[in-house]
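# Reading the structure
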Amino acid sequence: MAAMAAAQINYHIMGYFPITPSTEIAQILDTMKAKGQHDIHLIPADGEHGSAGICYGAAASGARVFNATSANGLLYMLEQLPVQSGTRFPMVLNLVTRAVSGPLDIQGDHSDLYYALNTGWVILLARTPQDVYDLNIIALKLAEHKDVRLPVIVAYDGFFTSHQKRKVEYFKDAEVVQTFIGDQPTEYPHILDRDHPVTVGPYMSNQDLINNNFQQSEALYNAEEVFKELAAEYKQYSGRDYPLLDLYQMEDAEVALFLVNSAAETAKDVVDQLRAKGIKAGVVSPTILRPFPAEALRHALKNVKALLVGERADSYGAHGANLTHEVKSTLQEDPDNNTVVLSRVFGVGGKNFYPDEAEAFFQLTIDVVNGKSPKSFDYFGHTPGNLEHAKAFEVQTKPSEYNSGLIKVTPDDESGKLKVKLPPLRQLTSKPKRLAPGHGACPGCGIFPGLELFFKGIEGDVVTLFHTGCGFVTTTGYPHSSHKQSFMHNLFQNGPATLSGAVEAFFEKKRRGEIEVDDDFTFVMITGDGGMDIGMGSAVGTALRNHKMIILEYDNEGYMNTGSQLSYSTPLGHMTSTSNVGKTQQGKAFHHKDTAQIMAETNIPYVFTGTEAYPQDLVKKAAKAQWYAQNEGLVYGKLLITCPLNWKADESQGETIMKSAVDSCFFPLYEVEKGETTITYDPEAKGKRIELSDWLKAMGKTKHLIRPENENLLKGFEAEVDRRWNRLKAKHEHPSL
């Protein structure tokens, strides 16, 4: 319904980055775009920070702008949100609420929403899918109103609301929506008005910023009255009413719950049951959160004896979460109000909220009325935990011996490059695996065969860090872990920096004698599922500092952990859930990013590409990678791995497809050792090069590229593959390049 509203409005721009559970908004809009159902220009960003920048730049250019995000995505763009509101450029952002890590949890709570409270954005709350549609339409008109002119967030519960299947009334004719919203105001300054140049976001002295903030504050308070006007106008179009507060049976309520979004719907059924027993119960749920509807709330609670504020997030150490304190502050302004306010944190991390739990909340308020004194603030539905069980998540397997003594790596006296002596691969199979059986990956997933083969070339102990992605999610479902050696997780944008901190801590503790001199680790960061888009800046910074560690990218050509959206590693023309194939587009519109070449340009000691389809080549490169990481500095490796589910290929064909990618020269096998490029497998020289189309036709996601009507697109793809291959050959033949 968010996508439907956006399509009917027909925004100019959507800058986006996929994150669960908001991803489907961009996916649905892309599918509609492929069918010619709207004209929104969808721009896939390199991360949420970038998506916020795209949206801000478009808004500053006078465009109507739309975006969607969740959880850590909101936090990553958080720096940009006050910039947009402080310079007063309208847009609409859908926040599909989700738990903020760590540890990582993709289910719905309000810990992300609470970070938005101080951004200066108007915040609307949608309890149901119907609300999502209607409030998205009202939001743009509110944002553009002359007395507001601020960006607006429409927030609703991840999975509880976002993935419901409910009947929703919507306008069949988009012109009705566009008539309600009206023409875009023309009086706002923007950077594309050549006759009226404007400076946006100037440097402010300390004496001036307070004036700007005052004007912004007044505009935000104006949004309350404007929202009421627009809601009344919208009711004339739709028949649906959106008051500041959704009040259920509050006319004479003596006990009540204050709940945000979907939980309020659950509690309404309990109110009916309590009313049948003669208990005057009610539910209050805000439709607008910023500005906070203080006067309306004071009026709604004038007769309430006990109120429980339930919140799906905490404000640690504040004796109650954010809205608890706002409710208390609001009531303090009314000297005649004697409502006792209780606070309970519940439903964190997507924990379900059932009617019997709403009944338990009401019982606490009834206890207050009956003279009892429940704790003012507490958690609800939690397990306190026991420190005696703290070791339960430590790896339960006995330490294995990873030193085989079978691999010999020595520097060549003349060239200084490394020589590697490998035993037959069957001998290396005796080395224990780094990952225990039991991960939850899809059948045919190439991540773990690729990683385990790489680790066959690594001797001794490792410390690994995984970015968010399939490799992380499928191996660490609490309280279980597939990792047999020490492991940690951090988010896409900060994995390389995090592991570099661990590396330097290891060497510093060793220098101080706090770690045995003979102890050693190889530090390996695993990235994939598009991790070298949002994580590229951190990776380049880590490379420039040249920390002694390995960054290993498994390339499955998309954001597979969120449902196969395009990433910058997705090749031209490939179909994903955000690069659909239809009458107006034929898959991804631009070429894939060559991360190995980018990292090689940072002058790190060793860069390589590999795939399990050529196992000896990969194991040999792994051995080199370890030597360089332990002796000289950063190593970057890129593995092509198969993803049958999203490549739309039979799981038994993974090795064949990867070989075809190599033999077509799409994914060449090479290494850059101390700045010199060596092709380690040349299909042309061996007479095994195949046509690019032979690789493409093996996957369902690329079969459309073989059609006659896409001949020019295929030729463009072939030309780019040839260009990159020829440049690589030139570097191989001329070491100085």
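If you're wondering where the values come from, they're calculated on a predicted model, not measured in any experiment. (Residues numbered from 1 in each chain as written. Predicted model: local features only at pLDDT ≥ 70, side-chain atom pairs only at ≥ 80, totals over all residues. Heavy atoms only, no water.)

Within the protein one finds 24 helices and 23 strands. Since a compact globule built from 737 residues should have a radius of gyration of about 27 Å, the 29 Å found for the protein is in line with a globular shape. In terms of its C-alpha atoms, the protein occupies a principal-axis envelope of roughly 90 × 65 × 55 Å. With 737 residues in all, the protein has 55% of them scored as buried. (Helix = DSSP H or I, 4+ residues; strand = E, 2+ residues; numbered from the N terminus. Rg over C-alpha atoms; globule rule 2.2 N^0.38 Å. Buried < 20%, exposed > 50% of the residue type's maximum accessible area, 1.4 Å probe, protein only.)

Per the stated rule, a full pass over the model turns up 36 salt bridges. Across the pair Glu 508 and Arg 512 runs a salt bridge, and its minimum N-O distance is 2.8 Å. The class for Arg 512 is exposed, based on a relative accessible area of 57%. Connected through shared salt-bridge partners, Arg 127, Asp 131, Asp 246, Glu 265 and Lys 268 make up one network. (Salt bridge = Lys/Arg side-chain N within 4 Å of Asp/Glu carboxyl O.)

Okay, the pairing of strand 14 (residues 408-411) next. Here strand 14 pairs with strand 15 (residues 418-421) via 4 bridges, running antiparallel. Looking across to strand 15, one finds that Pro 411 is bridged to Leu 418. (Pairing = 2+ DSSP bridges.)

Bringing the sheet that holds strand 23 (residues 676-681) into the picture now. Strand order in the open sheet formed by 8 strands is 17-16-18-19-21-20-22-23, and the pairing between neighbours is mixed. Edge positions in the sheet fall to strand 17 (487-489) and strand 23, since each has one partner strand and no second. Taken over all neighbouring pairs, the strand axes of this sheet differ in orientation by 20° on average, direction set aside. Packed onto the sheet, helix 16 (residues 495-511) meets strand 16 (462-466), strand 17, strand 18 (522-528) and strand 19 (550-555) and runs at close to 175° relative to strand 18. (Axes fitted to C-alpha atoms, helices over the stretch in contact; angles between N-to-C directions. Contact = heavy atoms within 4.5 Å.)

What follows deals with the sheet that holds strand 4 (residues 92-97). Spatially, 2-1-3-4-6-5-10 is the arrangement adopted by the 7 strands of the open sheet, whose pairing is mixed. Every interior strand has two partners, whereas the edge strands, strand 2 (41-44) and strand 10 (288-290), have only one. In this sheet, neighbouring strand axes are inclined to one another by 20° on average, regardless of whether the strands run parallel or antiparallel. Relative to strand 3 (residues 65-69), strand 1 (residues 13-16) is paired through 2 bridges, and the arrangement is parallel. For Ile 13, the partnering residue across the bridge sits in strand 3 and is Val 65.

For the rest of this paragraph, the subject is the environment of Ser 70. Residue position: Ser 70 is located in the loop between strand 3 and helix 4 (71-77). Residue classification places Ser 70 among the buried residues on the basis of a relative accessible area of 0%. Sequence separation between Ser 70 and Leu 259 is 189 residues, and the spatial gap between their C-alpha atoms is 20 Å. Beyond its immediate chain neighbours, meaning those up to four positions away, Ser 70 contacts Ile 19, Thr 20, Pro 21, Ser 22, Leu 95, Val 96, Arg 98 and Asp 112.

In this section: the packing of aromatic side chains. Summed over all chains, the structure comprises 28 aromatic pairs. Among the aromatic residues, ring-to-ring pairing joins Tyr 133, Tyr 170, Phe 171, Phe 180, Tyr 234 and Tyr 237 into one connected group. Directly above the ring of Tyr 402 sits Arg 434, whose terminal nitrogen or CZ lies 4.1 Å from the centroid. When the ring centre of Tyr 614 is taken as reference, the NZ or CZ atom of Lys 659 above it lies at 6.0 Å. (Phe/Tyr/Trp six-rings, centres within 6.5 Å; stacked < 30°, edge-to-face > 60°. Lys NZ or Arg CZ within 6 Å of the ring centre and 35° of its normal.)

Packing of helix 1 (residues 2-9) against helix 2 (residues 23-34) leaves a shortest axis separation of 9 Å and a crossing angle of 45°. Classified by the angle their axes make, helix 1 and helix 2 are oblique. Relative to helix 2, helix 1 is oriented so that their crossing is right-handed. Residues Ala 2, Ala 3, Ala 6 and Ala 7 of helix 1 form the contact with helix 2, whose participating residues are Ile 25, Ile 28, Leu 29 and Met 32. Taken together, the residues of the contact of helix 1 with helix 2 break down into 8 nonpolar, no polar and no charged. (Parallel < 35°, antiparallel > 145°, perpendicular 65-115°, else oblique. Left-handed = near helix turned anticlockwise from the far one by under 90°. Nonpolar A, V, L, I, M, F, W, Y, C, P; charged D, E, K, R; others polar.)

With respect to burial, strand 11 (residues 306-311) is a largely interior element, 6 of its 6 residues being buried. Judged by which residues are buried, strand 11 turns out to be covered on both faces: Ala 306, Leu 308 and Gly 310 on one side and Leu 307, Val 309 and Glu 311 on the other are all buried. Sheet analysis places strand 8 (residues 255-258) next to strand 11, joined by 4 bridges and oriented parallel. Considered in strand 11, the bridge of Ala 256 is made with Leu 307. Where strand 11 lies against strand 12 (residues 340-345), 6 bridges are found, and the strand directions are parallel. Residue pairing in the sheet places Leu 307 in a bridge with Val 341 of strand 12. A crossover connection joins strand 11 to the parallel strand 12 through helix 11 (residues 322-332); in handedness this β-α-β unit is right-handed. (Right-handed = clockwise from strand over helix to strand, strands pointing away.)

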